[in-house]
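Below, each chain spelled out in residue letters.
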Amino acid sequence: MTKDNPGFIQNLNPRDRETKILECDCGWKGTFAEGFETWDDDGESTVCPRCLSTVAQIWFPTIQEMLDSGDPSEVRHAELRDSAH
Ligand SMILES: [Zn+2]
């Protein structure tokens, strides 16, 4: 998964994962949490349980975004992730 993905996949705010209703082209509606969730290094996607198309994704913050957040626990996470490479 890359950030150059086609624009038709909705980027979702993590706060909306259990509240925002997503709609698939096949007619399925549900929240991010109600789809089939998949993970990779860059973020999470949810897949329509009816037709298996990806309907939305949530990107993990980048290390730079975590460092810039000013939140000490986020900064610590960023340093841990950075040193894992
Ligand atoms: Zn569908």
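What you are looking at is a predicted structure, and each value in this text was computed from that prediction instead of being measured.

Caption draft 1: Seen up close, the overall build of the protein chain. When you go through the protein chain residue by residue, the secondary structure sums to 2 helices and 6 strands. Its helices and strands taken in sequence order, the protein chain reads β-β-β-β-β-β-α-α from the N to the C terminus. The 85 residues of the protein chain split such that 27% are buried. The long-range share in the protein chain, meaning contacts at least 24 apart out of those at least 6 apart in sequence, stands at 32%. Just so you have it, the protein chain exposes about 5800 Å², and 49% of that area is on carbon and sulfur atoms.

Caption draft 2: Representation of the nonpolar core in the model. Grouped together as the largest cluster of nonpolar side chains are 9 residues: Leu12, Leu22, Cys24, Trp28, Phe32, Cys48, Val55, Ala56 and Ile58. It is strand β6 (residues 54-59) that contributes the most residues to this core, 3 residues altogether. Apart from the residues within four sequence positions on either side, Cys24 is in contact with Cys48, Cys51, Ser53 and Val55.

Caption draft 3: View of the side chain of Glu44. By secondary structure assignment, the location of Glu44 is in strand β5 (residues 43-47). For Glu44, a relative accessible area of 9% puts it in the buried group. In terms of polar contacts, Glu44 uses its side chain to reach the side chain of Arg17, at 3.2 Å.

Caption draft 4: Inspection of the pattern of salt bridges at higher detail. Tallying each qualifying case throughout the model produces 3 salt bridges. The salt bridge partner of Glu37 is Arg17, with a shortest N-O separation of 2.4 Å. Pair noted here: Glu37 is in strand β4 (residues 36-39) and Arg17 is in the loop between β1 (10-11) and β2 (22-23), with a separation of 20 residues, a long-range link. For Glu37, a relative accessible area of 23% translates into the label partly exposed. Salt-bridge contacts for Glu44 lead to Arg17; the nearest nitrogen and oxygen are separated by 3.2 Å. Taken as a pair, Glu44 in strand β5 and Arg17 in the loop between β1 and β2 lie far apart in primary sequence, 27 residues in all. One network of salt bridges, in which partners are shared, links Arg17, Glu37 and Glu44.

Cut-offs applied
- Residues numbered from 1 in each chain as written.
- Predicted model: local features only at pLDDT ≥ 70, side-chain atom pairs only at ≥ 80, totals over all residues.
- Heavy atoms only, no water.
- Helix = DSSP H or I, 4+ residues; strand = E, 2+ residues; numbered from the N terminus.
- Buried < 20%, exposed > 50% of the residue type's maximum accessible area, 1.4 Å probe, protein only.
- Contact = heavy atoms within 4.5 Å.
- Areas by Shrake-Rupley, 256 points an atom, 1.4 Å probe, with all protein chains shown as cover.
- Core = buried A, V, L, I, M, F, W, Y, C linked by side-chain atoms within 4.5 Å.
- Polar contact = N/O pair within 3.5 Å; in protein donor to acceptor, adjacent residues only side chain to side chain.
- Salt bridge = Lys/Arg side-chain N within 4 Å of Asp/Glu carboxyl O.

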